[in-house]
Amino acid sequence: MTSVGARPSRQSTVRMAGLAALVVIGATFPLWNGSYSVRIATGVALWAGLALSWNVICGYAGYISFGHVAFFGIGGYTTGILMQPQHGWPFLATLPVAALVAAGFAAVAGWPALRLKGAYFAIATWAIAEAVRELATVSGFTGGSGGLTLPVSSSSTFFYYAMLVTTALSYVLCYVLLERSRFGFRVRAVRDNEAAARAQGIDATRVKMEAFMLSAAIPAVLGGINAYWITFINPDSVLNTIITDQMVVMVLVGGLGHVWGPALGATVLYLVNEQFLTSFGSSTSYIAMIGIIVMLVVLFLPDGVVSLLGRGRRTGLVRQLLGRAADDVRPGRPSDEAAGSAGRSRSR
Amino acid sequence: MTGLLQAVVTGLLIGGLYVAISVGFSLAFGVLDVVDLAVGMWVVLGAYTGVVAQEWTGIDPFAFLPVTFVVFAAIGWLLGPLIYRVRTSRYALPALMGLAFTFGLATLMRGAMLSVFGYTPRTVQTHIVHGSWSVLGVVMPAIRVIGFLFALVAIGLFLFFLYFTRTGLAVRATAQSKESAGLMGVDVKRISTLVYAIYTGLTGMAGMLIGAVYSMSPELGLRYTLFAFFVVVLAGLGSVLGVLLAGLFLGVLQSLTTTYVGADYTLMVVFVVLFVALLLFPHGITRRRTA
């Protein structure tokens with residue numbers, strides 16, 4: 001299956017120009033915007049990265065993780081603990097450690113959990129995340145429910161660039177790994193038919209584990225930056241289930257299994273959330289709205305906002321998956337024949 | 001020794017309520033092939049219905065139980081077709097989409113309840129029963145005993161429906177094989193809707209009973225989702241006897257942990273046991289999976 005084949009060169013040029021414009025806007029954003037806008041942009045970058053990480057495990061590997069907040073929290077706590085006066089690590093040195101700790105945790109938790117499928121994996125990760133939260137609440141080294149205070153840094157521009165660079169690098173890394181390398185093909189092969197993938201000589205267990213670890217390392221680094229940014233973390237702020245909720249909804253709204261879907265979904269929803277907060281001053285109605293959006297997207301727009309951009313620009317897995325499902329006579333069972341058009345599945 | 005007995009009895013009493021949550025959930029899982037992640041939210045919503053009904057009308061929540069069942073079943077009757085539609089759709093990953101849909105439902109209910117009731121925990125107040133009975137040195141709060149008995153009656157009626165009526169037969173056939181049942185003239189969509197309605201009704205009612213025993217807040221929904229899932233995983237799909245045993249086991253496990261380790265660790269122990277159970281019995285689990 002070739003998800004990204006040879007493209008007409010005109011489209012490619014437009015694409016490159018768009019990307020270049022994004023890079024220029026991103027790099028110069030703090031120069032022509034006030035601190036409020038920079039703060040919002042930092043949040044957008046953070047959530048774009050988090051949504052991306054969830055898309056890796058769900059969209060590409062086909063495993064729903066409802067415990068992704070655990071990695072975000074683990075990263076935040078790693079940075080927070082190492083930056084305490086008694087350890088006194090410099091901020092940037094803590095980030096690789098955060099990534100390693102989260103990836104290691106993902107390996108330990110994923111080794112048994114990745115043998116489970118579908119809802120069972122989802123609930124297992126959910127339980128893991130809750131256990132991590134409970135642990136952080138009762139343990140001494142995390143400061144318990146009182147939380148941890150980090151040294152204060154006043155430069156909001158620094159956090160903007162830290163977030164932006166991390167997220168951008170994550171996108172490049174995931175794009176190269178999942179869309180341009182054999183690893184990506186292996187991951188998708190395992191997702192589509194694990195038995196067939198094994199028969200082709202793919203070490204499915206290892207591939208799933210690697211995808212899970214990749215998907216865990218990204219939120220950990222972002223969590224570390226976030227902890228230093230907000231300077232105070234406790235289980236309620238960085239291990240809150242709402243963080244997983246947001247990742248899920250952003251990916252679903254953007255487009256599952258699509259490279260740019262999460263970025264789009266994250267940008268739209270984060271701005272909506274901010275608008276909600278400023279107009280209503282409450283975040284609970286936002287939770288309800290997230291729920292409604294998820295239900296509506298599942299019912300009416302299962303391949304996300306990306307699918308609205310027109311068929312010419314729709315690339316990647318979603319189209320293929322949908323094309324495959326559309327040809328399926330019996331509902332609920334993907335057939336082995338990968339053929340058919342993408343639009344058909346949405347005609348109902 | 002009395003302490004141990006006390007803990008076990010307390011656990012069994014609350015375990016009956018967990019069984020009440022889980023029997024419908026297990027059946028809905030079997031028939032619709034969707035894990036309803038909103039199950040805990042139905043529990044919480046049931047409890048809040050009791051609170052609101054009490055505050056507005058002054059009627060005792062226990063007298064309200066049948067009404068709760070009807071109201072929740074009606075809501076389930078409206079939602080069931082949507083879930084059925086998602087699950088049998090031609091989307092890329094219908095199982096995943098079904099999961100996402102109920103997740104959205106759970107999130108909507110959580111957000112709505114937080115908006116209306118806030119974070120403060122509430123308890124269903126009842127005046128019919130109070131005090132406690134003491135048997136052989138074991139104290140049994142009347143409210144828990146009554147809740148347990150109510151749960152038993154509800155489960156009994158449910159099982160009667162499932163095993164001694166024609167519709168119940170159709171439900172069981174659908175749970176075994178949708179295609180075969182459909183070929184035998186069973187309206188699978190209607191049965192799925194019916195099962196979802198019964199499940200929401202039963203869970204809402206059980207939620208009201210749990211709300212009379214424990215204080216309830218919208219943030220606790222997840223906990224009951226995990227409990228219901230725990231029971232179903234441990235029981236193995238399609239096994240009613242398994243659900244009974246696993247539900248009671250969960251209650252006892254929770255009670256023993258609270259007594260001997262500390263209330264702070266209850267959830268952690270339950271999660272660890274759930275996790276280990278998922279790993280030890282993946283066979284009974286994976287046999288029925290379609291994801």
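Residues numbered from 1 in each chain as written. Chains lettered and ligands numbered in written order. Predicted model: local features only at pLDDT ≥ 70, side-chain atom pairs only at ≥ 80, totals over all residues.

### A closer look at the overall build of chain B
Link 1 in the chain: When its secondary structure is counted, chain B shows twelve helices and two strands.
Link 2 in the chain: Going from the N terminus to the C terminus, chain B shows its helices and strands as α-α-α-α-β-β-α-α-α-α-α-α-α-α.
Link 3 in the chain: By the compact-globule yardstick of 19 Å for 291 residues, chain B fits well, its C-alpha radius of gyration being 19 Å.
Link 4 in the chain: Considered along the principal axes of its C-alpha atoms, chain B spans approximately 55 × 45 × 40 Å.
Link 5 in the chain: Counting every position in chain B, which comprises 291 residues, the buried fraction comes to 53%.
Link 6 in the chain: Pairs at least 24 apart in sequence give 78% of the contacts found in chain B among residues at least 6 apart. (Helix = DSSP H or I, 4+ residues; strand = E, 2+ residues; numbered from the N terminus. Rg over C-alpha atoms; globule rule 2.2 N^0.38 Å. Buried ≥ 20, exposed ≤ 12 C-beta atoms within 10 Å, placed from the backbone. Contact = placed C-beta atoms within 7 Å.)

### As for the overall build of chain A
Link 1 in the chain: Scanning chain A from N- to C-terminus turns up 14 helices and two strands.
Link 2 in the chain: Buried residues in chain A amount to 49% of all 348 residues.

### Observations regarding the nonpolar core
Link 1 in the chain: Counting 207 residues, the largest nonpolar core has Ala102 of chain A together with Ile21, Leu99, Val195 and Val231 of chain B as its most contacted members.
Link 2 in the chain: Apart from residues lying up to four places away in sequence, Leu99 of chain B is in contact with Ile64, Ala119 and Ala122 of chain A together with Val34, Val35 and Leu37 of chain B. (Core = buried A, V, L, I, M, F, W, Y, C linked by C-beta atoms within 7 Å.)

### Thoughts on helix H2 (residues 35–60) of chain A
All names here are of chain A.
Link 1 in the chain: Between the first and last C-alpha of H2 there are 36 Å, a value that for 26 residues agrees with the 38 Å anticipated at 1.5 Å per step.
Link 2 in the chain: Most pronounced at Trp54, the bend in H2 amounts to some 30°.
Link 3 in the chain: Most of H2 sits out of view: 20 of its 26 residues are buried.
Link 4 in the chain: Just downstream of H2, Gly62 is the residue with a positive phi angle, here 75°. (Expected span 1.5 Å × (residues − 1). Bend = angle between axes of the 7 residues up to and from the residue.)

### Describing the pairing of strand E2 (residues 138–141) of chain B
Link 1 in the chain: Where strand E1 (residues 132–135) of chain B and E2 of chain B come together, four bridges link them in antiparallel fashion. Residue pairing for E2 of chain B: Ser132 of chain B is matched across the bridge by Pro141 of chain B. (Pairing = 2+ DSSP bridges.)

### Some thoughts on unusual backbone geometry
Residue and element names in this part refer to chain A.
Link 1 in the chain: At Thr231, a position not held by glycine, the phi torsion is positive, near 60°.
Link 2 in the chain: Mapped onto the elements, Thr231 comes out in the loop between helix H9 (204–230) and strand E2 (232–233).
Link 3 in the chain: Given 13 C-beta atoms within 10 Å, Thr231 falls into the partly exposed group.

### Digging into helix H10 (residues 240–260) of chain B
All names here are of chain B.
Link 1 in the chain: The terminal C-alpha atoms of H10, which comprises 21 residues, lie 30 Å apart, in line with the 30 Å expected from a rise of 1.5 Å per residue.
Link 2 in the chain: The complete set of buried residues in H10 reads Val243, Ala246, Gly247, Leu248, Leu250, Gly251, Gln254, Ser255 and Thr257.
Link 3 in the chain: The inward-facing, buried residues of H10 contact helix H1 (2–32), helix H9 (221–235) and helix H11 (266–280).
Link 4 in the chain: Gly262, located one to two residues past H10, shows a positive phi value of around 135°.

### Observations concerning the environment of Ser35 of chain A
Residue and element names in this part refer to chain A.
Link 1 in the chain: Structurally, Ser35 can be placed in helix H2.
Link 2 in the chain: Classification of Ser35 as exposed rests on a count of 11 C-beta atoms within 10 Å.
Link 3 in the chain: Each C-alpha atom, one on Ser35 and one on Ser156, is 7.4 Å from the other, the two residues being 121 residues apart in sequence.

### Observations concerning the environment of Asn234 of chain A
Residues and elements named next belong to chain A.
Link 1 in the chain: Turning to its location among the elements, Asn234 is positioned in the loop between E2 and helix H10 (235–238).
Link 2 in the chain: For the pair Asn234 and Leu31, spaced 203 residues apart in the sequence, the C-alpha separation amounts to 33 Å.
Link 3 in the chain: Dropping the residues within four chain positions of it, Asn234 is found in contact with Ser145, Gly146 and Gly147.

### Comments concerning the packing of helix H5 (residues 118–138) of chain A against H11 of chain B
Link 1 in the chain: Here H5 of chain A crosses H11 of chain B at 150°, and the two axes come no closer than 9 Å. Here H5 of chain A is positioned roughly antiparallel relative to H11 of chain B, judged by the angle of their axes. As H5 of chain A runs across H11 of chain B, the sense of the crossing is left-handed. Facing Tyr120, Ala124, Ala127, Glu130, Ala131 and Glu134 of chain A of H5 of chain A, the residues of H11 of chain B in contact are Leu267, Met268, Phe271, Val272, Leu274, Phe275 and Leu278 of chain B.
Link 2 in the chain: Class assignment for the residues of the contact of H5 of chain A with H11 of chain B results in eleven nonpolar, no polar and two charged. (Axes fitted to C-alpha atoms, helices over the stretch in contact; angles between N-to-C directions. Parallel < 35°, antiparallel > 145°, perpendicular 65-115°, else oblique. Left-handed = near helix turned anticlockwise from the far one by under 90°. Nonpolar A, V, L, I, M, F, W, Y, C, P; charged D, E, K, R; others polar.)

### Notes on the packing of helix H4 (residues 91–113) of chain A against H9 of chain A
Residue and element names in this part refer to chain A.
Link 1 in the chain: At a minimum axis distance of 7 Å, the contact between H4 and H9 shows a crossing angle of 145°. Read as a crossing pair, H4 and H9 show a hand that is right-handed.
Link 2 in the chain: For the contact of H4 with H9, the per-class residue count stands at 19 nonpolar, four polar and no charged.

### A short note on the confidence of the model for chain B
All names here are of chain B.
Link 1 in the chain: Here chain B averages 82 in pLDDT, while 93% of its residues score no lower than 70.
Link 2 in the chain: Residue range residues 284–291 is modelled with pLDDT below 50. Its contacts to residues more than four positions away, or to other chains, number 14 contacts.
Link 3 in the chain: The ipTM for the predicted assembly is 0.80, set against a pTM of 0.77. (pLDDT = per-residue confidence, 0-100.)

### A few points about the environment of Ser307 of chain A
Link 1 in the chain: Inspection of the secondary structure assignment puts Ser307 of chain A in the loop between helix H13 (284–300) and helix H14 (317–326).
Link 2 in the chain: Separated by 19 residues in sequence, Ser307 of chain A and Ala288 of chain A place their C-alpha atoms 25 Å apart.

### Some remarks on the confidence of the model for chain A
All names here are of chain A.
Link 1 in the chain: This prediction gives chain A a mean pLDDT of 79; 85% of its residues lie at or above 70.
Link 2 in the chain: Predicted confidence in chain A is weakest over H14, with a mean pLDDT of 49, and strongest over helix H3 (residues 69–82), with 92.
Link 3 in the chain: This model gives residues 1–5 a pLDDT under 50, and the stretch forms eight contacts once residues within four places in sequence are excluded.
Link 4 in the chain: Within the model, pLDDT remains below 50 along residues 324–348, and this stretch shows 44 contacts once partners closer than five positions in the same chain are excluded.

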